[in-house]
Amino acid sequence: MVQFKILISGALAVPLALTSVAYGATPAKNLFGAKRDGAKMTPAVYGSYAKGCVAGAEKLADNGPNWQAMRLSRNRHWAHPELISLVEQLSVDGKKVGWNGLLVGDLTQPRGGPMTSGHASHQAGLDADVWLTPMPNRRLSNKERENISATSMLASRNGKLTNQKLDKKRFTSAHAGIIRTAARYRNVERIFVHPTIKQELCRQNPDRPAWLKKVRAQFGHHYHFHIRIGCPAGSTGCKPQRRVPSMGCDKATMDYWFKVAYGPRRKPKPGVKPKPRKPKRQITLAQLPRQCRAVLAAPGTAGTPAVAAGAVAYQQPTGRIATPSFRAIEGVAQ
Ligand SMILES: [Zn+2]
């Protein structure tokens, strides 16, 4: 680029450079949010869960033998093929633990990237939200998929959901089973659930099995749980997250959640104005890995499947991820 500028006339170089800067400064969510189909490229992840994109993403079929995709108008059921296979397999394995089928929430936009609304993560094609409501025994209409709500697992107090207590009538052994099944897949690195769900799973599993460590307490996540897989083998541009630090069932962790994070709100002192909230960061294209420009520019994958032929055979990936290289305790979970 530098050499190119020297060779051409200054008059031409300036507008080119300006155009490039303007494009790079555009909020990336506008560019990625406008894409309707995946990039026709070899599947690969670039960047991280909360600052990245995905090439060669596949779309989860709207209907499978044991799943139905929700909120179809959002067009967020795209992901790296490894995650698509995993969701399909989970729908099959879930049956074995009494889970009737998956209602699948957001995965990723067709080419990943920051989303036009909602999540901070879900950018790299490696995150999937699954409702904590089992699939009904009938096919939902598109309208129902837009409008029906998931059921919260939290207990209510005075008609309001409380972050302190799980509703154990709603959180059944099948709920525990579907989370355990997902957490046991080797390439799943984290499952995000509400702290009350983590607390209950800790209580149910005093032997502290390895899968339980992957289940991480997070804000929200009482209507759905969030599955996150590691960097796929061969995706050398994918930034892994830090390893899970501890089992997370200890008293200090639970005290943090129930006494601090979800503890009683401190009242502001009289006369002191509460600090205004910081505006949400806007990720620009220039802040994403440079390969994300090629992902945006690539031709699209027209002709995505409308109905799956059946859940495909799922193979555990053989590769292993590189050493974590960036600082993040739990990563961005929303
Ligand atoms: Zn999520």
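Residues numbered from 1 in each chain as written. Predicted model: local features only at pLDDT ≥ 70, side-chain atom pairs only at ≥ 80, totals over all residues. Heavy atoms only, no water.

Caption draft 1: Fine view of the state of the cysteines. Inspection of every chain in the model, using the stated rule, returns three disulfides. Across the disulfide, Cys202 is cross-linked to Cys249 (sulfur-sulfur distance 2.0 Å). The S-S bond linking Cys202 to Cys249 shows a torsion near -75°; that makes this disulfide left-handed. Separated by 47 residues along the polypeptide, Cys202 in helix H7 (residues 195-204) and Cys249 in the loop between strand S13 (224-229) and helix H9 (251-261) bring together distant segments of the chain. You can call Cys249 buried: its relative accessible area is 16%. A sulfur-sulfur separation of 2.0 Å characterises the disulfide bridge that pairs Cys231 with Cys238. An S-S torsion of about -75° defines the bridge between Cys231 and Cys238 as left-handed. The two residues Cys231 and Cys238 agree in class, both being buried. The connectivity of the disulfide bonds within the protein chain can be written as 1-6, 2-5, 3-4, using the sequence rank of each bonded cysteine. (Disulfide = S-S within 2.5 Å. Helix = DSSP H or I, 4+ residues; strand = E, 2+ residues; numbered from the N terminus. Buried < 20%, exposed > 50% of the residue type's maximum accessible area, 1.4 Å probe, protein only.)

Caption draft 2: Layout of H7. Among the 10 residues that make up H7, seven are buried, leaving the element largely enclosed by the rest of the structure. Within H7, burial applies to Pro195, Thr196, Ile197, Lys198, Glu200, Leu201 and Cys202.

Caption draft 3: Geometry of the coordination of the zinc ion. Donor atoms from the polypeptide that bind the zinc ion are His122 (NE2), Asp129 (OD), Asp129 (OD) and His226 (ND1), placed at 2.0 to 2.8 Å. Note that the zinc ion binds four donor atoms; their angles at the metal cover 52 to 155°, and the shape is irregular. Positions of the donor residues of the zinc ion, expressed as sequence spacing, correspond to H-x6-D-x96-H. Taken together, the positions of His122 in the loop between strand S7 (102-104) and strand S8 (127-131) and His226 in strand S13 put the pair 104 residues apart, joining distant regions of the chain. Neither residue differs from the other here; His122 and His226 are each classed as buried. (Donors = N, O, S within 2.8 Å, 3.2 Å for Na, K, Ca; no water. Tetrahedral: all angles 85-135°; square planar, octahedral: opposite > 155°, others 65-115°.)

Caption draft 4: Seen up close, the confidence of the model for the protein chain. Across the protein chain, pLDDT averages 86, with 83% of residues at or above 70. A low-confidence stretch, residues 1-18 (pLDDT under 50), is modelled with five contacts involving residues beyond four sequence positions or located in other chains. (pLDDT = per-residue confidence, 0-100. Contact = heavy atoms within 4.5 Å.)

Caption draft 5: Region of the structure containing the pattern of salt bridges. Under the definition given, this model contains 12 salt bridges. In this structure, Lys96 and Asp93 form a salt bridge, with 2.9 Å as the shortest nitrogen-oxygen distance. The salt bridge partner of Glu144 is Arg138, with a shortest N-O separation of 2.8 Å. Residue classification places Glu144 among the partly exposed positions, given a relative accessible area of 23%. Under the relative-accessibility criterion, Arg138 is labelled partly exposed at 46%. If you follow the salt bridges from partner to partner, you end up with Arg74, Arg76 and Asp106 in one network. (Salt bridge = Lys/Arg side-chain N within 4 Å of Asp/Glu carboxyl O.)

Caption draft 6: Expanded view of the environment of Ile227. Relative to the helices and strands, Ile227 resides in strand S13. Take Ile227: its relative accessible area is 0%, and that puts it in the buried class. Counting along the chain gives 35 residues from Ile227 to Phe192, while the straight-line C-alpha distance between them is 6.8 Å. Those residues in contact with Ile227, other than ones at most four positions away along the chain, are Leu86, Leu90, Leu126, Asp127, Ala128, Val130, Ala182, Val188, Arg190 and Ile191.

Caption draft 7: Structural view of the side chain of Asn63. Turning to its location among the elements, Asn63 is positioned in strand S4 (residues 63-64). At a separation of 2.6 Å, a polar atom in the side chain of Asn63 contacts the side chain of Arg145. (Polar contact = N/O pair within 3.5 Å; in protein donor to acceptor, adjacent residues only side chain to side chain.)

Caption draft 8: Looking closely at the packing of aromatic side chains. By the definition in use, this model includes four aromatic pairs. Ring geometry for Tyr256 against Trp257: centres 5.1 Å apart, planes inclined by 70°, an arrangement best described as edge-to-face. Over the aromatic face of Tyr49 sits the side chain of Arg228, whose NZ or CZ is 4.3 Å from the ring centroid. (Phe/Tyr/Trp six-rings, centres within 6.5 Å; stacked < 30°, edge-to-face > 60°. Lys NZ or Arg CZ within 6 Å of the ring centre and 35° of its normal.)

Caption draft 9: Fine view of helix H4 (residues 81-95). The first and last C-alpha atoms of H4 sit 22 Å apart over 15 residues, in line with the 21 Å expected at 1.5 Å per residue. Of all 15 residues that make up H4, 12 are buried, and the element is covered over most of its length. Along H4, the residues classified as buried are Pro81, Glu82, Leu83, Ile84, Leu86, Val87, Glu88, Gln89, Leu90, Ser91, Asp93 and Gly94. (Expected span 1.5 Å × (residues − 1).)

Caption draft 10: Representation of the pairing of strand S1 (residues 44-48). In terms of burial, S1 is largely enclosed, as five of its five residues are buried. Pairing of S1 with strand S2 (residues 51-55) involves five bridges; the strand directions are antiparallel. Bridging across to S2, Val45 finds its partner in Val54. What sits between S1 and S2 in their antiparallel hairpin is a turn of two residues. (Pairing = 2+ DSSP bridges.)

Caption draft 11: Focus on the environment of His122. You can call His122 buried: its relative accessible area is 0%. Expressed as a C-alpha distance, the spacing of His122 and Tyr49, which sit 73 residues apart in the sequence, is 6.0 Å. A distance of 3.3 Å separates a polar atom in the side chain of His122 from a polar atom in the side chain of Asp129.

Caption draft 12: Local environment of the packing of H4 against helix H6 (residues 173-184). For the pair H4 and H6, interaxial distance at closest approach is 10 Å and the crossing angle is 135°. Considered as vectors, H4 and H6 are oriented oblique to each other. Helix-helix and strand crossings are classified by hand; for H4 and H6 the assignment is right-handed. Here H4 contributes Leu90, Asp93 and Gly94 to the contact with H6, which in turn contributes Ile178, Thr181 and Ala182. Residue composition of the contact of H4 with H6, by class: three nonpolar, two polar and one charged. (Axes fitted to C-alpha atoms, helices over the stretch in contact; angles between N-to-C directions. Parallel < 35°, antiparallel > 145°, perpendicular 65-115°, else oblique. Left-handed = near helix turned anticlockwise from the far one by under 90°. Nonpolar A, V, L, I, M, F, W, Y, C, P; charged D, E, K, R; others polar.)

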